[in-house]
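Each chain, written out:
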Amino acid sequence: MGKEQSRALIAGVDSVLREVWDPIGINGAPETRDEYTSYAPHIARLLRSGASDAEIERHLATLILGMGISWVSPDRARSTLAALRFPSRRSEQQSSCRSSTRKSPQFRRVGEVVVY
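Worth saying up front: this structure is predicted, and the values here are computed from it rather than measured.

Asks: Sorry, what's going on with the packing of helix α2 (residues 40-48) against helix α3 (residues 53-66) here?
Replies: Put simply, α2 and α3 touch, their axes get as near as 11 Å, and they point 165 degrees apart. What the angle tells us is that α2 and α3 run roughly antiparallel. Between α2 and α3 the crossing geometry is right-handed. Of the residues in α3, those in contact with His42, Ile43, Leu46 and Leu47 of α2 are Ile56, His59, Leu60 and Leu63. Residues belonging to the contact of α2 with α3 are distributed by class as follows: six nonpolar, two polar and no charged.

What follows is the structure, given as structure tokens:
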């Protein structure tokens, strides 16, 4: 992968993190545009290396735990993984994540993070 492709991948990952993943709910605030930027290069490396969804999910869970958040919606996790794997479907995933209604929680653990 050339430098331009690598930069484009990192920019795309950064966009997904900000628009879809956004665990602290800051999307839309211009002053926070770069909040997740430092995470993008490592996630791009995971994608380039062929990491599984489980590996990427564990990495995102570790990042969330580092923010002091102990849970994440499985809809958000699925939407984030889908958007990272298929960037052209990002807007579809983003809208389905936001429009989904909350049902009774079903918990599972990803590392130290409880996913429901």
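Now, onward.
Asks: Looking at this structure, I do not really get helix α1 (residues 3-21). What am I missing?
Replies: Since one α-helical turn is 3.6 residues long, residues separated by three or four positions face the same way. Helix length check: α1, at 19 residues, gives a terminal C-alpha distance of 25 Å against a target of 27 Å (1.5 Å per residue), a fit within 8%. Residues of α1 that are buried: Ser6, Val13, Asp14, Ser15, Val16, Leu17, Arg18, Val20 and Trp21. Positive phi appears at aspartate 22, one or two residues downstream of α1, with a value of about 30 degrees.

How each quantity is defined
Residues numbered from 1 in each chain as written. Predicted model: local features only at pLDDT ≥ 70, side-chain atom pairs only at ≥ 80, totals over all residues. Heavy atoms only, no water. Axes fitted to C-alpha atoms, helices over the stretch in contact; angles between N-to-C directions. Helix = DSSP H or I, 4+ residues; strand = E, 2+ residues; numbered from the N terminus. Parallel < 35°, antiparallel > 145°, perpendicular 65-115°, else oblique. Left-handed = near helix turned anticlockwise from the far one by under 90°. Contact = heavy atoms within 4.5 Å. Nonpolar A, V, L, I, M, F, W, Y, C, P; charged D, E, K, R; others polar. Expected span 1.5 Å × (residues − 1). Buried < 20%, exposed > 50% of the residue type's maximum accessible area, 1.4 Å probe, protein only.

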